[in-house]
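Observations on chain architecture
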Amino acid sequence: MNPAYSVILFTTASGAGYGLLALLGLVGFNHGPVSSFVFGLVAVVTALGLITIGLLSSTFHLGHPERAWRAFSQWRSSWLSREGVASVLTYVPALLFGATWLDIVHAPTMIGPLGLITAAMCVITVYCTAKIYSTLKTIRAWNHPLVVPVYLAFAVASGGALLTAIATIFGRFQIFQVILTVVALLWLIGLKFFYWRAIDNAARTHTMAAATGLGQGVRQWEVPHTSENYIMKEMGFAVARKHALKLRSAVFILFAITLLALASCILSPWFSFIAAPAILLAAVVERWLFFAEAQHVVSLFYGAEKA
Amino acid sequence: MTSLPTPQPNQKKLGLVIDLDTCVGCQACATSCKEWNTQGYSAPLNDSDPYGSDPSGVWLNRVHGYEVKEEGRDDTRVVHFPRSCLHCETPACVTVCPTGASYKRAEDGIVLVNPDTCIGCKLCSWACPYGAREYDYSHGTMKKCTLCIDRIYNTNLEPEDRAPACVKACPTGARHFGDLGDPESDVSKMVKAREGFDLLPEMDYKPVNKYLPPRKRRDAVTSAAIALPKGDGSAMDRLFAWADKFLSGKPSGTIASLEDFSDKLEG
């Protein structure tokens, strides 16, 4: 699948934003009003900023961005529509939570419930994003039960790293921020390891024989075009396996750097300024691979033997 | 609504039956499709750089060619394979659409894209296993086969012309249009008689369009032994052999026209 940069930017930025926002909601639920107004403000603005940048960038790859509002209508059947609805709905509890948490609106009893609702909406939105991909039967690497947990774990790990870094700036660093991020990251590393192993070992059950109905001895003889067509541009993109392995290693090295930097936060919390960019970069590379490694079943009509 | 319509008893399922035995790969279906649809429901079907060195564009029907080697034979045959929307009974391209632009008609099962509400997110093309949907970069919307909805119900056309452009254009009668929901229709009978099949049946999209397999090859027609006549040693043969020898200026050796190539070619 062609890795569209707007979609990669959207899923990584909004994922980190929703992760951060969810953690802020839980912090509010646990601690009540924020201890430092500036810290709270910067954290909430960063989270909502990342989410908003992500959502805006997702409209860049649309043919008709001015019609994007129509995407809120088909939530009964479409995960993309559900994601759109959930992402916009999340702003309501998020803004109310921000206002009460920062004590702009004085309602201390509402911080806890609003924090929980905000966190739940963040999880629902990221879940919907992942479901767009994981429900596509046409792409074996996406139609896998580990896709949704990986998206959720990435959101929490990158959100946690951002929270640690922002807290450090305003002297609000606490060890639980690191512990939470490390737990999420270890969970993510495990999921990603098993995901890659699973898609490498899975049987490629769709064949050119079944696609064309012409039996085992079929091979492509003449292509149906004189130059590259849309199907090939969009679905035909495939990264060479040796490059994919290099990039997978890069993701794991970035995971290791993040983990090491987080552990070093015991020495100095400023190490979180290595952890946060490292995990975000890991997310970008991983998301690029998520597209580039995915083989679409239509490739069977274009000469692939199996998919 | 991108939720699928509930199938009714005796549900009409309009679709195509494509005969892989008779298709000669002439591209008439593809070009007539482009010609009709670039001015019809899906208009425009844009091309970029059409007369330049790197032309590309939207086609709703493309003809592949496959080489097929049957088991127990050394030689192969070429099968021309037109591919367009199969108007599936359970098409994920419809249910994934966030706007309701992609929909399946309840009355005849035709899958369409509303060009006025499509936002061009391309997700439907990801959901289609058959590569039937092509994005129009210039128009910013998704294009697909409409089963020539603006022909088949078009009362301005003569009744015999109310068929998809590709079916009308096919010079070998390899494309057939009809109601595959009606077991008594010509297309349904044809599918039954010729063991028509679904593409990628395991995906469970339940395509309405069916393909008829190439017929078994008759050896008598393709045998090189029959294709090349053998000399029978008659006076005429000897005359030609002498003429050949004389005109070729060969000093001696076997005469080409008398040599039996059949065993060499057949292997």
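Keep in mind that what you see is a predicted model, and the values were worked out from it rather than measured.

**Details of the overall build of chain B**
Check the secondary structure of chain B and you find 10 helices and 11 strands. By sequence separation, contacts in chain B at least 24 residues apart represent 62% of the contacts at least 6 residues apart. Roughly 13000 Å² of accessible area belongs to chain B as shown, and the carbon and sulfur atoms make up 55% of that amount.

**Focus on the overall build of chain A**
A tally of regular secondary structure across chain A gives 10 helices and one strand. When its helices and strands are written in sequence order, chain A yields α-α-α-α-α-α-α-β-α-α-α. A globule of 307 residues ought to have a C-alpha radius of gyration of about 19 Å, and chain A, at 21 Å, matches this closely. Viewed in the frame of its principal axes, chain A has a C-alpha envelope of about 70 × 45 × 30 Å. For chain A, the share of sequence-separated contacts (at least 6 apart) that also reach a separation of at least 24 residues comes to 79%. If you sum the accessible surface of chain A, you get close to 13000 Å²; carbon and sulfur atoms cover 71% of it.

**Points about the interface of chain B and chain A**
Contact residues are listed per partner, giving 59 residues for chain B and 57 residues for chain A. For the pair chain B and chain A, the summed buried surface comes to about 4600 Å²; carbon and sulfur atoms form 59% of the total. Counting across the chain B and chain A interface gives one salt bridge. One salt bridge connects B:Glu67 with A:Arg219, and the closest N-O pair in it is separated by 2.5 Å. In this structure, the connection of chain B to chain A is made through 29 residue pairs in polar contact (both at pLDDT 80 or more).

**Focus on the nonpolar core**
In this structure, A:Trp101, A:Trp142 and A:Phe301 are the most contacted members of the largest nonpolar core, which totals 144 residues. Once residues lying within four places of it in the same chain are set aside, the contact partners of A:Trp142 are A:Met1, A:Tyr133, A:Ser134, A:Leu136, A:Val147, A:Tyr195, A:Phe290, A:Phe291, A:Ala294 and B:Trp126. B:Val17, B:Leu180, B:Val208 and B:Leu212 belong to the second largest nonpolar core, which has six residues in total.

**Overview of the packing of aromatic side chains**
Residues and elements named next belong to chain A. For the structure on display, the rule yields 31 aromatic pairs over all chains. Taking 6.5 Å as the distance between ring centres and 50 degrees as the angle between the ring planes, the aromatic pair formed by phenylalanine 39 and phenylalanine 170 counts as tilted. Remark: phenylalanine 170 occurs in the loop between α5 (147-169) and α6 (175-201) and phenylalanine 39 occurs in helix α2 (residues 37-60); sequence separation between them is 131 residues. On the accessibility criterion, phenylalanine 39 (6% relative accessible area) is buried.

**Topic: the packing of helix α1 (residues 5-31) of chain A against helix α10 (residues 272-292) of chain A**
Residue and element names in this part refer to chain A. Packing of α1 against α10 brings their axes to within 9 Å, and their N-to-C directions diverge by 135 degrees. Between α1 and α10, the crossing angle belongs to the class labelled oblique. Here α1 and α10 pass one another in a crossing that is right-handed. In this structure, α1 contributes Tyr5, Val7, Ile8, Thr11, Thr12 and Ala16 to the contact, and α10 contributes Leu280, Ala283, Val284, Arg287, Trp288 and Phe291. When grouped by side-chain class, the residues that make up the contact of α1 with α10 number nine nonpolar, two polar and one charged.

**Side note on the environment of A:Gly15**
Residue position: A:Gly15 is located in helix α1. In this structure A:Gly15 touches A:Phe10, A:Ala155 and A:Ser158, once residues within four positions along its chain are discounted.

**What to know about the sheet that holds strand β5 (residues 77-84) of chain B**
Pairing in this open sheet of three strands is antiparallel, and the strands run β1(A)-β4(B)-β5(B) from one edge to the other. The outermost strands of the open sheet, each flanked by one partner alone, are β1 (218-222) of chain A together with β5 of chain B. On average, each strand axis in the sheet is inclined to that of its neighbour by 40 degrees, with strand direction left out of account. In this sheet, β5(B) lies alongside strand β4 (residues 61-68) of chain B in antiparallel orientation, the contact comprising eight bridges.

**So, the domain arrangement of chain B**
Partitioning chain B into domains gives domain 1 (14-217) and domain 2 (224-266). The centre of domain 1 of chain B, based on its C-alpha atoms, is set 50 Å off from the matching centre of domain 2 of chain B.

**Notes on the environment of A:Phe255**
Residues and elements named next belong to chain A. Note that phenylalanine 255 resides in helix α9 (residues 241-264). What makes phenylalanine 255 buried here is its relative accessible area of 1%. In this view, phenylalanine 255 contacts Phe154, Leu185, Leu188, Ile189, Lys192, Ile279 and Ala282; residues no more than four positions away in its chain are not counted.

**What to know about a nonpolar patch on the surface**
On the surface, A:Phe37, A:Val38, A:Leu41, A:Val45, A:Ile104 and A:Val105 cluster together into a nonpolar patch covering about 530 Å² of accessible area. With respect to the element layout, A:Val105 can be found in the loop between α3 (79-101) and α4 (108-134).

**Overview of α9(A)**
Residue and element names in this part refer to chain A. Under the 1.5 Å per step criterion, the end-to-end length of α9 is 34 Å for 24 residues, consistent within 8% with the ideal 34 Å. Where α9 is concerned, the buried positions are Ala244, Arg248, Val251, Leu254, Phe255, Thr258, Ala261, Leu262 and Ser264. The inward-facing, buried residues of α9 abut α5, α6 and α10.

**Regarding the packing of α5(A) against α10(A)**
Residues and elements named next belong to chain A. Put simply, α5 and α10 touch, their axes get as near as 8 Å, and they point 155 degrees apart. One way to sum up the angle between α5 and α10 is to call them roughly antiparallel. For the pair α5 and α10, the crossing hand works out as left-handed. Packed against α5, whose contacting residues are Val147, Val150, Tyr151, Phe154, Ala157, Ser158, Ala161, Leu162, Thr164, Ala165, Thr168 and Ile169, the element α10 presents Ser272, Phe273, Ala275, Ala276, Ile279, Leu280, Ala282, Ala283, Glu286, Arg287 and Phe290 at the interface. Grouping the amino acids of the contact of α5 with α10 by side-chain chemistry returns 17 nonpolar, four polar and two charged.

**Some points on the pattern of salt bridges**
Residue and element names in this part refer to chain B. Evaluated as defined, the whole model comprises 19 salt bridges over all chains. Across the salt bridge formed by glutamate 70 and arginine 77, the nearest N and O atoms sit 3.6 Å from each other. Accessibility assignment for this pair places glutamate 70 and arginine 77 in one class, buried. Between aspartate 75 and arginine 73 there is a salt bridge, and its shortest N-O distance comes to 2.9 Å.

**Description of the pairing of strand β1 (residues 14-19) of chain B**
Residues and elements named next belong to chain B. Most of β1 sits out of view: six of its six residues are buried. Alternating residues of β1 divide into Leu14, Leu16 and Ile18 and Gly15, Val17 and Asp19, and every residue in both groups is buried. Judged from the three bridges that link them, β1 and strand β11 (residues 210-212) form a sheet pairing that is parallel. Opposite valine 17, over in β11, you have lysine 210 as the bridge partner.

**Thoughts on the environment of A:Glu293**
Residue and element names in this part refer to chain A. On the secondary structure map, glutamate 293 appears in the segment after α10. Residues glutamate 293 and tryptophan 221 lie 72 residues apart in sequence; the distance between their C-alpha atoms is 26 Å. Not counting residues within four places of it along the chain, the set of residues in contact with glutamate 293 comprises Trp196, Val239, Ala244 and Arg248. In this structure the side chain of glutamate 293 is engaged in a polar contact, spanning 3.1 Å, whose partner is the side chain of tryptophan 196.

Scoring rules and cut-offs
Residues numbered from 1 in each chain as written. Chains lettered and ligands numbered in written order. Predicted model: local features only at pLDDT ≥ 70, side-chain atom pairs only at ≥ 80, totals over all residues. Heavy atoms only, no water. Helix = DSSP H or I, 4+ residues; strand = E, 2+ residues; numbered from the N terminus. Contact = heavy atoms within 4.5 Å. Areas by Shrake-Rupley, 256 points an atom, 1.4 Å probe, with all protein chains shown as cover. Rg over C-alpha atoms; globule rule 2.2 N^0.38 Å. Buried area = accessible area lost by both parts, 1.4 Å probe. Salt bridge = Lys/Arg side-chain N within 4 Å of Asp/Glu carboxyl O. Polar contact = N/O pair within 3.5 Å; in protein donor to acceptor, adjacent residues only side chain to side chain. Core = buried A, V, L, I, M, F, W, Y, C linked by side-chain atoms within 4.5 Å. Buried < 20%, exposed > 50% of the residue type's maximum accessible area, 1.4 Å probe, protein only. Phe/Tyr/Trp six-rings, centres within 6.5 Å; stacked < 30°, edge-to-face > 60°. Axes fitted to C-alpha atoms, helices over the stretch in contact; angles between N-to-C directions. Parallel < 35°, antiparallel > 145°, perpendicular 65-115°, else oblique. Left-handed = near helix turned anticlockwise from the far one by under 90°. Nonpolar A, V, L, I, M, F, W, Y, C, P; charged D, E, K, R; others polar. Pairing = 2+ DSSP bridges. Domains from an automatic or database assignment. Patch = residues over 30% accessible without salt bridge, like charges linked within 9 Å, V, L, I, M, F, W, Y side chains within 5 Å. Expected span 1.5 Å × (residues − 1).

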